[in-house]
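A structural walkthrough
Below are the chains, spelled out letter by letter.
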Amino acid sequence: MEPRVWKRIALAFGLAALAGCAPQTVHFVHPDVDLGFVRRCAVVPFQNLSSDRFAAARLQPVFLAELLQTEALAVVDPGATLVAYGRLGLGPDTPLTPEQVVALGEALEVQAIFTGAVEDYGQRRSGGDQTNAITASFSMLETETGTMVWNAQVSRDGSSFWRKLFGGDSASQYDVSRRAVRDALESLF
Amino acid sequence: MRRPSRNPFLSRTGAAAAVLALLPCLTVAGPAVAQDAAPDGVGRTCVLLFMAGAGYGSGVADLADLRALGEQELAGALARSGDAPLPADATLDLQRRFRVRDGRLLTPLFLAGLDSAGAQRLLIVHLYVGRDGIELAGRTLRAATGLVESAASDACALGGDAWRIDFATACRRLVAALAAATRPRTGEPVAPLAVHPLGFDAATAQIATQCLLEAVLADTVRAVLDPAVLGGALAAEGIDPRRPDRSGLELLAGSFGAPEATMVEMITRDPDLIVQATDDDAPSSGPASWETVRSFSLHLRAVDTGTGLVTAAFDVDQDNRPAAGWFGNVESNTPRRLIAAAMHRLWDASRQPGKVR
């Protein structure tokens, strides 16, 4: 075979491997909203739709840490956010209406609110292996009208091309969560 | 003429019995002398001893006896190191008057009461009584300022005939370690709040708070405020110490001069585990949860008390699997060691240059 053919085969293998490793992130950014006006934001308690009762509580501080790492926005303390939640009679697992988003924005003096929902969290069977996995969605709502300006749904697991090839443990649930949050935020910043 | 042979076991048992018989006399004598010899004008030290996770499985110690022995030994060790402990009845009176049931919340009223009773320092010790051992966690703090002077931990076995001696020795070691760890501290104070647990009981959270204090004190020369004093001040104003709002942060800034508050959450990684909070003094029939800690994650955030904004956030994940040593040896970890290791990693991460915003 000619060297050119070998190159094509190698390229095909490489693309297949990359496709296998690619994070599954679907996102939306509102085309008519300029995010430049957002300086201060709050992260509200995440919804938990998974069977793990602490999944949302674990994911929210990871999201907060990753959001701070972007150095794009100032974030109000989640303690103050929870107090404002309580004063408005909101529960952690209730989706926010636009009116509630506006009220929260006024109470916390923020221009945007980040929400999140953990849809799947824990171990997942992939072929013959068990890997840690997470599926979650995140949104950013602006507090003038309560409109959603960004949404991302991300699904990640602890498997990798090299792990499939050579074996090894799955990445920890914590690492998988961190990567998922990072992938989601990369679609915004 | 043949001399009668001595039985070494009997002689050792006799000696141990004699020491055990004399021990209460010795321990009572120490503090009594020190209380009488307390110099006027020099503040005394109030000794507060609390028990957590108690009542399980030991079968060796009467808990009231253990508490009394601990208080005597701590007061005696303080007296021997030159401090003057507050008399036990005065301490009990203060505890009853201000309803101090555990070392987690120390209200401003209680601290003022200490001052009026002539106590300027507090020695707070938590005993975690387990299946076959006792863990001691202690800290000393200034009553007037709420600043921690030192924090240290120790442990001893609970079993056999000599457990009283082991326990007494551990109490003395703890007081010595606390005295050795005291060093001058300056600058704006660090304000760590008590660790907020999710899926863990109050005793585990208390251990985690102690580990946080030890990590902070070991790392910095800045003054460190006591989490129980901060929690008590917030609670006295009707603010939830676990999640202070803007007014709570302003209180920390105004009353204690803290530029930032440090908040740590400890969340279980076990999806099925939930531990109901129980009265620490109540006996329990099951294993004490602080002895069987599960994998967990720690989440730290630093909050600016002036603006209410999060200035830094860090996490660490901690597995509870035994560490594999050389030649296939398995090194088991106690929950305290696991939590302490994770807390040190967390605090180190939060101090990395370039990461703090």
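This section reports on the structure supplied with the text. (Residues numbered from 1 in each chain as written. Chains lettered and ligands numbered in written order. Predicted model: local features only at pLDDT ≥ 70, side-chain atom pairs only at ≥ 80, totals over all residues. Heavy atoms only, no water.)

**With respect to the overall build of chain B**
Where we set the bar: The helix count covers DSSP runs of H or I at least four residues long, the strand count covers runs of E at least two residues long, and both are numbered beginning at the N terminus. Relative accessible area decides the class of each residue, using a 1.4 Å probe on protein chains only: under 20% of the type maximum gives buried, over 50% gives exposed, and in between gives partly exposed. Two residues qualify as a contact provided that any one of their heavy atoms is within 4.5 Å of a heavy atom in the partner residue. Areas reported as accessible are Shrake-Rupley estimates using a 1.4 Å probe. Residue values count occlusion only from the protein chains shown.
For chain B, the helix and strand inventory stands at nine helices and twelve strands. Put simply, chain B has 357 residues, and 50% of those count as buried. When contacts within chain B are restricted to residue pairs at least 6 apart in sequence, those whose partners lie at least 24 apart make up 72%. For chain B, the exposed area adds up to about 16400 Å²; of that, 55% sits on carbon and sulfur atoms.

**Description of the overall build of chain A**
A count of helices and strands for chain A gives six helices and seven strands. Counting from the amino terminus, chain A carries its helices and strands in the arrangement α-β-β-β-α-β-α-α-β-β-β-α-α. A buried classification covers 48% of the 189 residues belonging to chain A. When contacts within chain A are restricted to residue pairs at least 6 apart in sequence, those whose partners lie at least 24 apart make up 68%.

**Points about the interface of chain A and chain B**
Interface size is often expressed as the accessible area that is lost when the parts come together. Applicable threshold: Whenever a carboxyl oxygen of Asp or Glu lies within 4 Å of a side-chain nitrogen of Lys or Arg, that contact is scored as a salt bridge. Contacts described as polar in this section are N or O atom pairs within 3.5 Å, which, within protein, must combine one atom able to donate a hydrogen with one able to accept it, while residues neighboring in sequence count only if both atoms come from side chains.
On the side of chain B, 30 residues touch chain A, which itself brings 26 residues to the contact. In this structure, the connection of chain A to chain B is made through three salt bridges. We note a salt bridge from Arg301 of chain B to Asp77 of chain A, for which the minimum N-O separation is 2.5 Å. Where chain A touches chain B, the interface holds seven residue pairs in polar contact (both at pLDDT 80 or more).

**Re the nonpolar core**
Convention followed: Among the buried residues, those of types Ala, Val, Leu, Ile, Met, Phe, Trp, Tyr and Cys that are joined through side-chain atoms within 4.5 Å form a nonpolar core.
With 37 residues, the main nonpolar core has Phe63, Phe114, Phe138 and Trp150 of chain A as its most contacted residues. Elements supplying a minimum of two residues to this core: strand 2 (40-43), helix 2 (55-69), strand 5 (112-126), strand 6 (129-142), strand 7 (148-157) and helix 6 (173-186) of chain A together with strand 10 (309-318) of chain B. Once residues within four sequence positions are removed from consideration, Phe114 of chain A is found in contact with Cys41, Ala42, Val43, Val44, Phe63, Leu67, Leu73, Ser139, Met140, Trp150, Leu188 and Phe189 of chain A. By size, the runner-up hydrophobic cluster in this structure holds 36 residues, among which are Ala52, Tyr128, Ile207 and Met266 of chain B.

**Looking at the pairing of strand 8 (residues 260-268) of chain B**
Residues in a regular strand point their side chains to alternate faces of the sheet. All names here are of chain B. What counts is decided by this rule: Note on pairing: two strands pair once DSSP finds at least 2 bridges between them.
In terms of residue burial, strand 8 counts as a mostly covered element, since eight of its nine residues are buried. Where strand 5 (residues 186-192) lies against strand 8, two bridges are found, and the strand directions are parallel. Within strand 8, the residue paired with Pro192 across the bridge is Thr262. With three bridges connecting them, strand 6 (residues 196-198) and strand 8 associate as parallel partners. Along strand 8, the bridge assignment pairs Pro197 with Met266. Two strands pair when backbone bridges link them, and strand 8 and strand 9 (residues 296-304) are joined in this way by nine bridges, in the antiparallel orientation. In the strand pairing of strand 9, Met266 is matched with Leu298.

**Comments concerning the packing of helix 3 (residues 78-87) of chain A against helix 4 (residues 98-108) of chain A**
Residue and element names in this part refer to chain A. Just so we agree on the cut-off: Axes here refer to lines fitted to C-alpha atoms; in helices the fit is confined to the stretch in contact. Angles between the N-to-C directions go from 0 to 180 degrees. For this classification, under 35 degrees means roughly parallel, over 145 means roughly antiparallel, 65 to 115 means roughly perpendicular, and everything else is oblique. Left-handed describes a crossing whose near helix is turned anticlockwise from the far helix through less than a right angle; right-handed describes the clockwise counterpart. Side-chain classes follow a simple rule in which Ala, Val, Leu, Ile, Met, Phe, Trp, Tyr, Cys and Pro form the nonpolar group, Asp, Glu, Lys and Arg form the charged group, and the remainder, Gly included, forms the polar group.
Closest axis-to-axis distance for the helix 3/helix 4 pair is 10 Å, and the angle between their directions is 130 degrees. Classified by the angle their axes make, helix 3 and helix 4 are oblique. Where helix 3 crosses over helix 4, the two elements pack in a sense that is right-handed. Judged by residue contacts, Ala80, Thr81, Ala84 and Tyr85 of helix 3 engage Leu104, Ala107 and Leu108 from helix 4. Residues belonging to the contact of helix 3 with helix 4 are distributed by class as follows: six nonpolar, one polar and no charged.

**Details of the pattern of salt bridges**
All names here are of chain B. Enumeration over the complete set of coordinates arrives at 22 salt bridges over all chains. One salt bridge connects Arg121 with Asp83, and the closest N-O pair in it is separated by 3.0 Å. Placement of the pair is Arg121 in strand 2 (residues 119-129) and Asp83 in the loop between helix 2 (63-80) and helix 3 (88-97), with a sequence separation of 38 residues. Here Arg121 falls in the buried class, since its relative accessible area comes to 13%. A salt bridge links Asp93 to Arg97, with the shortest nitrogen-to-oxygen separation between them at 3.5 Å. Linking Asp93 with Arg97, this pair stays in helix 3, spanning four residues, or about one helical turn. On the basis of relative accessibility, which here comes to 41%, the residue Asp93 falls in the partly exposed class.

**Brief notes about the side chain of His299 of chain B**
Position of His299 of chain B among the secondary structure elements: in strand 9. Relative accessible area serves as the criterion here: at 4%, His299 of chain B is assigned to the buried category. A polar contact is formed between the side chain of His299 of chain B and the side chain of Ser297 of chain B, at a distance of 2.9 Å. With near-sequence residues (within four places) excluded, His299 of chain B lies in contact with Arg58, Pro61 and Val62 of chain A together with Met263, Val264, Glu265, Ile267, Phe314 and Asp315 of chain B.

**Considering empty space enclosed by the protein**
Put simply, the test is: Think of a 1 Å grid over the protein atoms and nothing else: a 1.4 Å probe that fits but is trapped marks a cavity, an open set flanked by protein within 12 Å on at least five of seven lines marks a pocket, and residues with an atom within 4 Å of a point count as lining. Grid points are joined across faces, edges and corners, and a volume is the space filled by probe spheres set on the points.
Scanning the model with the defined rule gives one cavity of 30 Å³ or more in all. Its boundaries defined by the atoms lining it, the largest cavity holds a volume of some 70 Å³. Every residue along the wall of the largest cavity is listed here: Arg58, Leu59, Val62, Tyr121, Gln173, Tyr174 and Ser177 of chain A together with Arg269, Ser297, His299 and Asp317 of chain B. Mapped by element, the contributors of at least two residues to the lining of the largest cavity are helix 2 and helix 6 of chain A together with strand 9 of chain B. Partitioned by chemical class, the residues of the lining of the largest cavity number four nonpolar, four polar and three charged.

**Here's the deal with the sheet that holds strand 3 (residues 133-142) of chain B**
Residues and elements named next belong to chain B. Pairing is mixed in the open sheet, where four strands are placed in the order 1-2-3-4. With partners counted over all chains shown, the strands left at the sheet margins are strand 1 (44-52) and strand 4 (148-157), one partner each. The mean angle between the axes of side-by-side strands here comes to 15 degrees, regardless of whether they run parallel or antiparallel. Direction of pairing for strand 2 relative to strand 3: antiparallel, over a ladder of nine bridges. Considered in strand 3, the bridge of Tyr128 is made with Glu135. Running over the sheet, helix 4 (residues 108-116) touches strand 1 and strand 2 and is turned about 120 degrees from strand 2.

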